[in-house]
Amino acid sequence: MFESIMKLVRKVTKKEDQTLKSKDAAKERLHLVLMQDRANVSADFLDLMKQEIIDVIKKYIDIDESAIDVKLTNKDNGDGTNGAPALYANIPILNIKDEVRQTANIKTSENDKDKDEEPDVKKTERVIEKHEQEEKEEITIIEENSNKNTMLASTQRDYIAGEVSRDLTKRILLPEKISKAHEDGILHFHDADYFVQPIFNCCLINIGDMLDNGTVMNGKMIETPKSFQVACTVTTQIIAAVASNQYGGQSVDIKHLGKYLRRSHDKIKKRLTEKYGGKLHKNIIEDMVNDRVKEELSAGIQTIQYQINTLMTTNGQSPFVTLFLHLEPEDEYINENAMIIEEILKQRIQGIKNEVGVYVTPAFPKLVYVLDEHNCLKGGKYDYLTKLAVKCSAKRMYPDYISAKKMKENYEGNVFSPMGCRSFLIPWKDENGQYKFEGRFNQGVVSINLPQIGILAQGDEEKFWKLLDERLELCKEALMCRHYSLLGTSSDISPIHWQNGAIARLKKGEKIDKYLKDGYSTLSLGYIGIYETTKLMKGVSQTTPEGHEFAIRVMNYLKDRTTKWRNESGLGFSLYGTPAESLCYRFARIDKEKFGSIPDVTDKGYYTNSYHVDVREKIDAFSKLKFESEFQPLSSGGAISYVEVPNMKNNLEALEEVVKFIYDNIQYAEFNTKSDYCQVCGYDGEMIINDQNEWECPQCGNKDHNKMNVVRRTCGYLGENFWNVGKTKEIKSRVLHL
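Residues numbered from 1 in each chain as written. Predicted model: local features only at pLDDT ≥ 70, side-chain atom pairs only at ≥ 80, totals over all residues. Heavy atoms only, no water.

**Student:** Give a detailed account of the overall build of the protein, specifying residues and quantitative values.
**Tutor:** When its secondary structure is counted, the protein shows 23 helices and 25 strands. For the protein, with 738 residues in total, the buried portion stands at 53%. Sequence separation of 24 or more characterises 71% of the internal contacts of the protein that already satisfy a separation of 6 or more. Element-wise, carbon and sulfur atoms account for 49% of the exposed surface of the protein, whose accessible area totals about 33000 Å². (Helix = DSSP H or I, 4+ residues; strand = E, 2+ residues; numbered from the N terminus. Buried < 20%, exposed > 50% of the residue type's maximum accessible area, 1.4 Å probe, protein only. Contact = heavy atoms within 4.5 Å. Areas by Shrake-Rupley, 256 points an atom, 1.4 Å probe, with all protein chains shown as cover.)

**Student:** Break down the environment of tyrosine 382 for me, with residues and values.
**Tutor:** Within the element layout of this structure, tyrosine 382 appears in the loop between β13 (366-371) and α13 (383-396). Judged by relative accessible area, which is 4%, tyrosine 382 ranks as buried. Considering only alpha carbons, one finds tyrosine 382 and alanine 338, 44 residues apart in sequence, at a separation of 8.0 Å. Non-local contacts of tyrosine 382, meaning those with residues more than four positions away in its chain, are made with Leu327, Ile334, Asn335, Ala338, Tyr369, His374 and Asn375. Within polar-contact distance, the side chain of tyrosine 382 engages the side chain of lysine 381 at 3.5 Å. (Polar contact = N/O pair within 3.5 Å; in protein donor to acceptor, adjacent residues only side chain to side chain.)

**Student:** Describe unusual backbone geometry, with residues and values.
**Tutor:** Residue phenylalanine 364 is joined to proline 365 through a cis peptide bond whose omega torsion reads -5 degrees. Here proline 365 is to be found in the loop between β12 (359-360) and β13. The omega torsion across tyrosine 398 and proline 399 is 5 degrees, close enough to zero to call that bond cis. Looking at the secondary structure, you find proline 399 in the loop between α13 and β14 (400-403). Phi is positive for glutamine 458, which is not a glycine, with a value near 50 degrees. The class of glutamine 458 is exposed, set by a relative accessible area of 69%.

**Student:** I'd like a rundown of the nonpolar core, residues and numbers included.
**Tutor:** Ile205, Leu325, Ile340, Tyr401, Phe441 and Trp498 are the most contacted members of the largest nonpolar core, which totals 83 residues. For this core, the leading source of residues is helix α9 (residues 228-243), giving 8 residues. Beyond its immediate chain neighbours, meaning those up to four positions away, phenylalanine 441 contacts Phe200, Cys202, Cys203, Met419, Leu425, Trp498, Ile503, Tyr515, Leu516, Tyr520, Ser521 and Thr522. (Core = buried A, V, L, I, M, F, W, Y, C linked by side-chain atoms within 4.5 Å.)

**Student:** Outline the pattern of salt bridges, listing residues and values.
**Tutor:** Taken as a whole and judged by the stated rule, the model has 34 salt bridges. With a shortest N-O distance of 3.3 Å, lysine 387 and glutamate 656 are connected by a salt bridge. With a gap of 269 residues between them, lysine 387 in helix α13 and glutamate 656 in helix α22 (residues 652-665) connect regions that are remote in the sequence. A residue is classified by how much of its surface remains accessible, and glutamate 656, at 13% relative accessible area, is buried. With its nearest N and O atoms 3.0 Å apart, the salt bridge here joins arginine 616 to aspartate 614. Among the charged side chains, a network of salt bridges with common partners joins Glu461, Lys538, Glu549 and Arg553. (Salt bridge = Lys/Arg side-chain N within 4 Å of Asp/Glu carboxyl O.)

**Student:** Quick rundown of the packing of helix α15 (residues 450-457) against helix α18 (residues 530-538)? Include the residues and the values.
**Tutor:** Between α15 and α18, the least distance of the axes is 8 Å, while the angle of their chain directions is 10 degrees. Classed by the angle they form, the pair α15 and α18 counts as roughly parallel. Across from Leu450, Pro451, Gly454, Ile455 and Ala457 in α15, the residues of α18 making contact are Ile530, Glu532, Thr533, Leu536 and Met537. Taken together, the residues that form the contact of α15 with α18 break down as 7 nonpolar, 2 polar and 1 charged. (Axes fitted to C-alpha atoms, helices over the stretch in contact; angles between N-to-C directions. Parallel < 35°, antiparallel > 145°, perpendicular 65-115°, else oblique. Nonpolar A, V, L, I, M, F, W, Y, C, P; charged D, E, K, R; others polar.)

**Student:** Before we move on, can you summarise a positive patch on the surface with the specific residues and values?
**Tutor:** Taken together, the side chains of Lys226, Arg263, Lys267, Arg271, Lys275, Lys279 and Arg292 define a basic patch exposed on the protein surface. Of the residues forming the positive patch, the biggest block, 4 residues, is contributed by helix α10 (residues 258-276). Relative to the helices and strands, lysine 279 is located in the loop between α10 and α11 (282-310). Classification of lysine 279 by relative accessible area gives exposed; the value is 67%. (Patch = residues over 30% accessible without salt bridge, like charges linked within 9 Å, V, L, I, M, F, W, Y side chains within 5 Å. Lys, Arg positive; Asp, Glu negative; His and termini not counted. Charge placed at Lys NZ, Arg CZ, Asp CG, Glu CD.)

**Student:** I'd love a proper account of helix α7 (residues 176-183), names of residues and values included.
**Tutor:** Among the residues making up α7, those that are buried are Ile178, Ser179, Ala181 and His182. Looking straight down α7, one finds its buried side chains confined to an arc of 160 degrees; they lie on one side. In α7, those exposed residues whose orientation departs by more than 90 degrees from the buried face are Glu176 and Lys180. Phi for glycine 185, located one or two positions after α7, is positive at around 75 degrees. (Arc of directions from axis to C-beta.)

**Student:** Describe in detail the confidence of the model for the protein, supporting the description with residues and values.
**Tutor:** Per-residue confidence for the protein gives a mean pLDDT of 85, with 80% of residues at or over 70. The low-confidence segment residues 103-118 (pLDDT under 50) makes 3 contacts with residues lying over four places distant or belonging to another chain. Considering only residues more than four positions removed or in separate chains, one finds that residues 134-143, a stretch of pLDDT under 50, has 24 contacts. (pLDDT = per-residue confidence, 0-100.)

**Student:** Which residues make up the sheet that holds strand β6 (residues 203-204), and what values go with them?
**Tutor:** Strand order in the open sheet made by the 7 strands is β6-β9-β10-β13-β14-β19-β18, with mixed pairing throughout. The open sheet has two edge strands with one neighbour each: β6 and β18 (641-644). Pairing of β6 with strand β9 (residues 250-253), which is carried by 2 bridges, proceeds in the parallel orientation. Of the residues in β9, the one forming a bridge with cysteine 203 is glutamine 250. (Pairing = 2+ DSSP bridges.)

**Student:** How would you sum up helix α19 (residues 545-569)? Please name residues and give values.
**Tutor:** Between its first and last C-alpha, α19 extends 36 Å over 25 residues, near the 36 Å set by a 1.5 Å rise per residue. Buried within α19 are the following residues: Gly547, Phe550, Ala551, Ile552, Val554, Met555, Leu558, Arg561, Thr562 and Trp565. Directly after α19, the chain includes glycine 570, whose backbone phi takes a positive value near 80 degrees. (Expected span 1.5 Å × (residues − 1).)

**Student:** If you had to explain a nonpolar patch on the surface to someone new, which residues and values would you point to?
**Tutor:** A cluster of nonpolar side chains, contributed by Ile172, Leu173 and Val196, occupies part of the molecular surface with about 230 Å² of accessible area. Within the secondary structure layout, isoleucine 172 lies in helix α6 (residues 153-173).

**Student:** Residue-level account of the sheet that holds strand β17 (residues 572-577), with values.
**Tutor:** Spatially, β5-β15-β16-β17 is the arrangement adopted by the 4 strands of the open sheet, whose pairing is mixed. Pairing within the sheet leaves two strands with one partner each, and these edge strands are β5 (187-189) and β17. Shown here is a sheet whose adjacent strand axes are inclined to one another by a mean of 25 degrees, direction ignored. Examined bridge by bridge, strand β16 (residues 522-528) and β17 share 6 bridges and lie parallel to one another. Considered in β17, the bridge of glycine 526 is made with tyrosine 576. The sheet strands contacting α15 are β15 (442-449) and β16, and the helix crosses β15 at an angle near 25 degrees.

Here you go:
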């Protein structure tokens, strides 16, 4: 295990040309030693290692188990300093077993004979194959998250810990059949790199409660803010603390900031009136008040934008956070919230400066803008905000759009934010019969590989449904592993979540169990590759009548199964369209290695995201959104659709027509455009993917990732640190829909 960790570290610290000068090599070795030295290995972990060592050695020799001593120690360098840590094992040997001696002698002679007969070229081929497989596995891990820069020490630390977690999860924590199903690509047990800890996936932060009633961070009380600027600062601190104690995304509804903008207005007005009342006309004083409020509004939003993009969480990346931009007609602070939304959009249009001082598109926070009767571009009071949102989407891709009209149809009349990217809660009522969404979360995700079932079924529907049934039960068991891993967890594990308001206000030491049951939190069955599965079973795309009928049957089957699980267990099972940033490649790679190159399936190098239309299929934006809108209500645990568009900054009217269409036809949709910059020649346009699958500036030919800014829609979030080979191929294959 430690050897695999060190291989990973060596991989992520290599330069692209794979050559290091001697001083760089020495520096790399020093980094490795320091990282090892800082590793915190528990007594339980050492006991586990000790027992495994005993079990292996006992097969070959008789030992005195009572006298075994296993510990980690630092080697003495002889100059008074400590070297790298070493595993020390004192194992008294009583006797080497005779049968082991005989077997070893036989095997040695056989191996020598085999080696003599094996041609040198075969030996070389075996070594190359092994090396290529190791390289492939390491690159897959390194490129699994396009928002993590693996050259950073903080990210490397997270990856090292993640590899330990993956290894323990695979060998010890999961049942063997679940681990094998994951390795075989039958299912994907998401976020195994965090499974050793009792933490969950994503959530809707109860930011209103935390601001109104105060919170505690790092043992320090944070009282309710007295101004908008302070409220923005506290919000970003909460976001960072929450992100460091979970592994998925989070969302904040900005409607809770409106009251603090009014507090600032009232405080400023009182101060200026006391100072200038009777000296200046009241209209002049009001103008001064409005100017001061606008200054504080701008500074507060800038605080949110800059801190989110510069803060680094404990998992080595910016917080995966979504700002929910929703104007509720009955909200007493709707005017203040309209001002806040306008400022957020204006600052996002401007962008954030990169390291050479050029404004570029930031990946975070993700913005989700809600379309309602008063802002759906049909003459409503707040249409001006939607026009600004469209301008922002054309330049910076965000915001994405939720139709309040369609969402109310799908979620019992409610409108609420996704948890981060696309994960949605199921409606839940408290003891007073009131719907509650903020302060709820997702326990975790397990995704099923639908195309692999299609490959094995070979067009036989009876075999397909039988295999699907068997594998769904494996997925359920894997999801229950996630549930059981959280049961019995103390609120002390993450005070910001469980004691100080993000999720709950439990006492110290109190168990979190009640929030895991009765549908309060969700467990997501993810799926991938409806297009490939339909192609395998029916020979056509799901956009054809025959393919559509089959695809809808599969979706209904999956949805009915999660409903059945929910009714039987009382747990919040739901169906979720997996984002598949790295999984689109992983499943396709596994299946290509097992079953070979299958046209339109494994030959592409990726599987299609959830229920989406094949990225290569020529279909217009309106037809695509209308077609996919039928799938979103079935995928109620999480779904989002997109349309690929060119640079639309000079044709905003066309995008406005699509936004109108979204309001009337589909719950959740987004635009994919391009927002790139070459730091070598200053080209401000689309970076291309060349025939070698490399990102390249079309103007100067620059291919250096460190000298270009490329932002693409990865899965719902934007990515800015480049992508694995499968996702890169998928991005290259996308056709325009407008």
